[in-house]
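A look at the structure
Letter by letter, the chains look like this.
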Amino acid sequence: MDRLLVLTAQVAIARGHRVEVTEQVDPLTEEPVVLALVDLDTGIRYRRAQEPSGEASRWIGRILECTVTMGGAGAHTALLVDPIGPGATGAKIALRGADAAADAAKAEADRWGGADRPPAEEPERFW
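To keep things clear, this report deals only with the structure shown in the data block. Given the structure is predicted, the values throughout are model-derived calculations rather than measurements. (Residues numbered from 1 in each chain as written. Predicted model: local features only at pLDDT ≥ 70, side-chain atom pairs only at ≥ 80, totals over all residues. Heavy atoms only, no water.)

Attention now goes to the overall build of the protein chain. A count of helices and strands for the protein chain gives one helix and six strands. Seen in sequence order, the protein chain has helices and strands lined up from the N terminus as β-β-β-β-β-β-α. Taking the contacts inside the protein chain whose residues are at least 6 apart along the sequence as the reference set, 58% of them involve residues at least 24 apart. Surface exposure of the protein chain reaches about 9,400 Å², of which carbon and sulfur atoms provide 56%. (Helix = DSSP H or I, 4+ residues; strand = E, 2+ residues; numbered from the N terminus. Contact = heavy atoms within 4.5 Å. Areas by Shrake-Rupley, 256 points an atom, 1.4 Å probe, with all protein chains shown as cover.)

We now examine a nonpolar patch on the surface. Residues Leu40, Ile60 and Ile84 make up a contiguous nonpolar surface patch of roughly 220 Å² in combined accessible area. Considering the arrangement of structural elements, one finds Leu40 in the loop between strand E3 (32-39) and strand E4 (45-47). Relative accessible area serves as the criterion here: at 31%, Leu40 is assigned to the partly exposed category. (Patch = residues over 30% accessible without salt bridge, like charges linked within 9 Å, V, L, I, M, F, W, Y side chains within 5 Å. Salt bridge = Lys/Arg side-chain N within 4 Å of Asp/Glu carboxyl O. Buried < 20%, exposed > 50% of the residue type's maximum accessible area, 1.4 Å probe, protein only.)

In short, the description is geometric, and any link to function would need to be established separately.
Structural data, given as structure tokens:
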């Protein structure tokens with residue numbers, strides 16, 4: 001499952017490069033926040049100015065797309081990353097997606113009759 005990382009910085013990383021992402025779950029929004037990013041192919045490290053507090057998770061991925069938006073206060077970078085290894089934050093997102101898929105499948109099964117209904121009784125046969 002590809003991940004889209006949006007950073008409020010201009011970070012140019014070439015497609016195909018491997019990156020190590022360090023993230024932390026924001027307690028208010030429960031969304032992952034990127035604390036640090038390391039381009040493993042060049043050794044360049046990007047990190048936030050403030051020190052992280054709390055538990056962080058790390059995962060490795062490969063850059064699929066990199067779009068840098070330049071100029072003014074709206075400068076940012078969007079990285080589409082294909083996770084290579086497991087990560088705690090990535091697992092939470094995957095589970096959230098799996099839960100949503102399971103709920104949708106149950107709703108569809110209920111709509112079409114589902115398997116949780118008792119089978120219809122067969123009428124008695126007389127010979």
